[in-house]
Structure formats: C-alpha cells, structure tokens
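One letter stands for each residue in the lines below.
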Amino acid sequence: MLHRCTLLLALCLFKGGGSVSTSCKTLGCGGRDKTCSCTTSCWSFSSCCDDYGTVCPEQSPTIQLGDVNMLITTDLHSWIEGRTHESLLNASLAHVVSALDHLRKAADVEKRDVFFFDNGDINDGTGLSATAPDHVEFLAPVMQSARYDALNLGNHELYQRNGHGIVEGPACPVVGLKESGYIASWQGRYLTSNVLWSSTEEPVGSRYAVVEGKFGTKLLVFGFLYNMEDHCDAVSVLDVEQTLASDWFIESLEAHRTLCDGVVVLAHMDFRDALVDKIWAAVRQGMGPSKPIQILAGHSHIRGYRRLDSHASVFEAGCKLDTVGFLSYSFEADGLRIDHSNITGNVQQLAGAVNRSVSNLPTAAGVRTADAINTARGRAGSEQLLGCASQRYRLLGPLDNNSLWTLYMNQVLPGALLDSPRSQIAIIGDGTLSYDIFPGPVNVDDVYKASPFANFWLKLESIPGTDVAKLLSQLIHPTKYDLPPYLITGAPVPSSSYDLVFCEYDTEPIVGRLSKILGKHLEPRLYKPLLNTSSVLNKWFEGQPCASQDVLV
Ligand SMILES: *[C@@H]1O[C@H](CO)[C@@H](O)[C@H](O)[C@H]1NC(C)=O
Ligand SMILES: *[C@@H]1O[C@H](CO)[C@@H](O)[C@H](O)[C@H]1NC(C)=O
Ligand SMILES: *[C@@H]1O[C@H](CO)[C@@H](O)[C@H](O)[C@H]1NC(C)=O
Ligand SMILES: *[C@@H]1O[C@H](CO)[C@@H](O)[C@H](O)[C@H]1NC(C)=O
Ligand SMILES: *[C@@H]1O[C@H](CO)[C@@H](O)[C@H](O)[C@H]1NC(C)=O
Ligand SMILES: [Zn+2]
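How each quantity is defined
- Residues numbered from 1 in each chain as written.
- Chains lettered and ligands numbered in written order.
- Predicted model: local features only at pLDDT ≥ 70, side-chain atom pairs only at ≥ 80, totals over all residues.
- Heavy atoms only, no water.
- Helix = DSSP H or I, 4+ residues; strand = E, 2+ residues; numbered from the N terminus.
- Rg over C-alpha atoms; globule rule 2.2 N^0.38 Å.
- Buried < 20%, exposed > 50% of the residue type's maximum accessible area, 1.4 Å probe, protein only.
- Contact = heavy atoms within 4.5 Å.
- Areas by Shrake-Rupley, 256 points an atom, 1.4 Å probe, with all protein chains shown as cover.
- Lys, Arg positive; Asp, Glu negative; His and termini not counted.
- Charge placed at Lys NZ, Arg CZ, Asp CG, Glu CD.
- Pairing = 2+ DSSP bridges.
- Near = heavy atom within 4 Å.
- Polar contact = N/O pair within 3.5 Å; in protein donor to acceptor, adjacent residues only side chain to side chain.
- Domains from an automatic or database assignment.
- Phe/Tyr/Trp six-rings, centres within 6.5 Å; stacked < 30°, edge-to-face > 60°.

You'll find the chain entered in an unreviewed UniProt entry as SMB domain-containing protein, with Symbiodinium necroappetens given as the organism.

This is the structure:
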C-alpha cells in the first residue's frame, strides 16, 4: 500500500536534518543538499529553498501548437486557488481556463483542436476539500466550471470516509460525486475504465469516450487507476491487466481503429509504472503501429516524460497546480513529432506561454471559474480567521521546535484532543500533515493545507504499557529520513496502562498489530466525534490570539 504522502516527504527529508535555511543563492539553481532542492515542484515547496522563485528566474516555455493539442492537470488535490504563501505558484485554475481560451483562439486560425484533461485526485489538500463531509461537495462545481473534455478519478476519490458506518456521512468521495449529479453532468466523459460500483458491477463513470474537437479530431479516451487495494466498499477496482484483456476493451479498440485519430489514456499512476507499458502495449496491439497514443500519468506528484515508441509517449504533469501540462503532436513525413511543456503554475509563465501579458490573460470563462472558486471558498469558510502563528512551522526538516510535527504532537494533540496526556497516547502516521503553517494570521484554509485529510479519531482503552511499547517498536523503525513512519505524543511507562488514540486511516497497522500482540480481537471506539485530524488544529489556533500588529501583516 502506498502511504498517501510518503513519496512527498521522502524526497526532502534526508537523514541528518541540518539547517533548513539553505537557499538557492548558495546552492545554485537546480542544486540540492540534504534538506533542500532548488527546483520547481510541489515536493520541494517549503524548506526546500524558499527563494527559488526570486533567485531562479524561469522563462515561459514556448508552446508549439501541433495537429492535436492538449492541456493537462493532474493531482490537483484542491490546490486550485493560487498560492498565497508561495508567490511563484500563484496561478489558479481560473488562470488555466483563461490560458486554454487563448490557446484555442490561436489554434482556431490553423483549424486545430485543443483538448483539456484532468487525471484525478481532485480532493484532499486545502480548505476547499475536507471541510465538506464527502471532501468534494464544494470542489465539484469548480471543476465543472472548467469544462474539461474528459476526466479520470484518482485514489483520493476512493478512500472510505465513514469507517464503514462508525460515523455518519458519505461512504467515500466518489459516492458524493455520484449523488450530487457531478458524474452524470460530464455526459459520459468522466472515465473509469477499471472502477465499478460494487453493488451493481456497473462502471462508476464510462469505460471510455470518443471526444471530438471543434475541427473534427476524434480521440478515443480511457481512464485507468493503478491496482488500488485500499479503496472504499462502494467500488471495486479491477486489475489493470485483467481490464486490458477484457472483451469490451479489445472490442473498443477494434471498433474505433479507423474512426479515431488517436488514443489518450488518462492513467492515475506514476509515469514509470510498469502498468503504463502494459497499457501502451495493449492499445498499440489493438490500434496498429502508427496510431498516436498519449498516456497522461499522475499519482507520484512529479513531472516526467518518456517516449514509448515512434508514435507514443507518457507525460506526468506534476501536482497541485505546480505544473500545467501541455502536449501536442503532428504528423510529419518521417513520423510523429511530439512536443510537451511543463508550464510552472505561475500567472506570468502561463500568460507568457500563450503569448499574453498578466493583465490581458483573463477571459470570460476564466472569470466564471474564478467566481466558482470564490463561491466554494465561501461555502468552505476558508477565510475564517482562527488565530495567529508566532512563527513558521515547517513540514520538512529536523524535528525541532520549528517543526510542524513537533507542534502537532507536543501542543496541538495534548491541548485540543486528549483529556489526559498522561494516560493517553496519540499515534499518527507520517502522512497526516502536508504543508507549512506560516507566521501571522491563520485561517481555516491554512489549517486544512497543513492537515488536509480530516480523518476521525478512534481509541482503544486500557492497553498495558508493555504492549504499547511492543506496538511502538514494530511501528517506529528507523528510516533513511528524519521523520519516523509514526509519531507519538508520549512514551509509555511499562507499569502503567494507556488509552491509545489514533485516526481511522491508521486503523489497520495499529489495531491489526496490537490484536496480534494481545492475542485477541480489538474493537476501537469512536473518540471525540466532533473533531478530526484537521479540526484539532482549528481548535488549537483558536486559542492563539493575534497581537494587534499580526492582523495587519
Ligand atoms: C472535520 O471537523 C470539522 C469540525 O467539526 C467539520 O467542520 C468538518 O466537516 C469535519 N470534516 C470531515 C471530513 O468530517
Ligand atoms: C518536464 O519535466 C520533466 C521532469 O523534470 C523532464 O524530464 C522533462 O524533460 C521536462 N520537459 C521539458 C520539455 O522540459
Ligand atoms: C503572480 O506572480 C507573477 C510574478 O511571478 C506576477 O507577475 C503576477 O502579477 C502574480 N499574479 C497574481 C495574480 O498574483
Ligand atoms: C506565440 O508566439 C510565437 C512567436 O510568434 C509563436 O511561435 C507561437 O506559436 C505562439 N504561441 C501560441 C500558443 O500562440
Ligand atoms: C521547544 O518548545 C518547548 C515547549 O514550548 C520548550 O519547553 C523547549 O524549551 C523548546 N526547546 C527549544 C530548543 O527551544
Ligand atoms: Zn495525488
């Protein structure tokens, strides 16, 4: 099982800790040391060289319009508002929609088509997501306003949210997307080639769609998810290999072989995943040697590009709007020319890529998406001020008093969640937190960015200290990185007994192991049902009033 954020942390938390104040000025652009890497990407956003944007000027990439063109977002994780604390990544989804309009205008002149795709994991990242019980209610109308040509789903749309009935509310985000009419609103272009409703065995969206551009380009589009095992009960995720061998898949290729100009596979999986090669091989076999095949990857939150054959490639366009992907291809005498660009999620870069200035970027459609974002922010209460942070608390770097983990384990959980920090021990996994808290006023959005998942809390009562110690020795093994896989609010004394408090996401590793240690079945109970892993931080910051000068910052 891929823990939801380990990839993100693994890249920056190198052993040895060290200063987090290294800068691109001293390291050089593209350089890296133990804690810092001077590149644009969402896994290097915070302690990894805060001055990247100012020290390492980037040029807008030149976009080559081809016969067929596409703009791509993946793993947005609700980071669609433009970042306030990182001015380099200040582009919002509204800016992307505007850029799409300008691209289409330029392509119109040459009668060429431009498509717009999203590759899933729309939720879990900012205040727009888990303030809603199903994590997607506020977000979905914004995605609709962006008028994508086709969309995929990701693993984050499929996590169980109600503990199989322990708490009320929607079972998982995808159920919310169905019940709100979101999936139906895409009229067959919400693609789930290997995900079915478990109750009916019908596809969640459509297995594939033929998407036709204004100038007649026809693309056969699929939407695959990696072989996810820890999905919610509402769905079944079929093996990608099994799906590629199924009759409907083989027949869909056969039926569209001459009808379609190319194949696009939205694939929620790393661009290096062996499944990408299997998908490519199956589509290639069905479509013949010269049909263009574009696989659009995601999930691992990086940029990446690989040519698969003379007429195929795979492209992964970063995450959280740190990147807007552009890809085009053209038929040339000696084969297929494929061009792609990693456009950094910055307003100036995006405007430059479509030959506009920052001030003449916005279009009417972009303004509608900006309005949808503002409406969603209002519903989520994103701007509600909670209190103030006296300093920056960092996600990455050593576990000292500048660490967000130290704050969360030593102050937030003891202060806002536990009744008796002496007889209770809270355990959290290293994927719980995901963004820095910045000094000054802290609002709901800031809190949900730092702790986006809003998992509810569970407890196991009266566990002997010796058994807690055994559990911890199994869970907390040394890693290559500074951050252990689990963190605790306090160490057990063998002769005492403890209530263990943890979040539902970590149920399996904690309850499963402890059941084995104690040799009996354990049934965790709900703990503080009005709180979750995000809202404890709301509650704590409500107790951190602002000095009058803070509010003016
Ligand atoms: C988390 O708790 C807060 C505060 O009670 C609540 O507003 C929010 O909806 C909860 N989130 C989820 C996903 O249950
Ligand atoms: C996009 O980024 C990836 C990862 O850094 C890189 O391999 C690829 O060459 C980049 N593409 C372009 C056109 O620069
Ligand atoms: C975003 O940053 C660029 C410079 O990097 C600046 O030109 C632009 O005005 C900013 N836009 C917004 C909306 O903040
Ligand atoms: C932007 O302008 C350059 C130079 O004139 C041109 O080559 C390029 O195709 C244009 N790009 C778009 C997207 O219009
Ligand atoms: C870290 O913070 C704790 C709690 O506020 C304090 O007791 C401790 O002295 C601090 N340590 C350092 C090294 O500043
Ligand atoms: Zn993701």
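Moving on from the model shown.
A. Molecular detail of the overall build of the chain. Tallying secondary structure elements over the chain gives 19 helices and 21 strands in all. Taking 2.2 N^0.38 as the reference for a compact globule, 553 residues should give roughly 24 Å; the C-alpha atoms of the chain span a radius of gyration of 24 Å, in line with that estimate. Here the C-alpha coordinates of the chain stretch approximately 80 × 55 × 40 Å along the principal axes. Counting over 553 residues, the chain shows a buried share of 60%. Expressed as a percentage of contacts within the chain between residues at least 6 apart in sequence, the contacts between residues at least 24 apart total 74%. As presented, the chain carries roughly 21,300 Å² of accessible surface, and 51% of it is formed by carbon and sulfur atoms. Separation of charge centres in the chain, based on 44 positive and 60 negative side chains, amounts to 3 Å.

B. Geometry of the pairing of strand β2 (residues 113–118). Among the six residues that make up β2, six are buried, leaving the element largely enclosed by the rest of the structure. Because side chains alternate across β2, one face comprises the buried residues Asp-113, Phe-115 and Phe-117, and the other comprises Val-114, Phe-116 and Asp-118, equally buried. Note: strand β1 (residues 68–73) against β2, six bridges, orientation parallel. Residue pairing for β2: Leu-71 is matched across the bridge by Phe-116. Taken together, the two bridges between β2 and strand β3 (residues 150–152) define a ladder with parallel strand orientation. Each bridged residue has a counterpart across the sheet, and for Asp-118 the counterpart in β3 is Leu-151.

C. Layout of the environment of Pro-524. Here Pro-524 is to be found in the loop between α17 (507–518) and β21 (525–532). We classify Pro-524 as buried; its relative accessible area is 15%. In this structure, the C-alpha to C-alpha distance between Pro-524 and Asn-69, residues 455 residues apart in sequence, is 52 Å. Apart from residues no more than four positions distant in its own chain, Pro-524 is found in contact with Leu-458, Lys-459, Leu-460, Phe-502, Thr-507 and Val-511.

D. Here's a closer look at the site of ligand 1. Close to ligand 1 lie Ala-130, Thr-131, Ala-132, Pro-133, His-135, Tyr-448, Ala-454, Leu-530, Asn-532 and Ser-535. One of the backbone N or O atoms of Ala-130 is found 3.0 Å from a nitrogen atom in ligand 1. At 2.8 Å from an oxygen atom of ligand 1 is found a main-chain nitrogen or oxygen belonging to Leu-530. Here ligand 1, which alone exposes 360 Å², has 62% of that area covered by the protein. A domain split of the shell around ligand 1 shows at least three residues from each of domain 1 (58–380) and domain 2 (385–551).

E. Quick look at the packing of aromatic side chains. All chains considered together, the criterion is met by 17 aromatic pairs. Ring geometry for Trp-79 and Tyr-435: centres 4.8 Å apart, planes at 65 degrees, overall edge-to-face. With Trp-79 in the loop between β1 and α4 (93–109) and Tyr-435 in the loop between β16 (424–429) and β17 (440–443), this pair connects stretches of sequence that are 356 residues apart. Of the two residues examined, Trp-79 and Tyr-435, each falls in the buried class. Judged by centre distance (6.1 Å) and plane angle (10 degrees), the rings of Tyr-208 and Trp-248 are stacked. Highlighted residues: Tyr-208 in strand β6 (residues 208–212) and Trp-248 in helix α10 (residues 247–256), separated in sequence by 40 residues.

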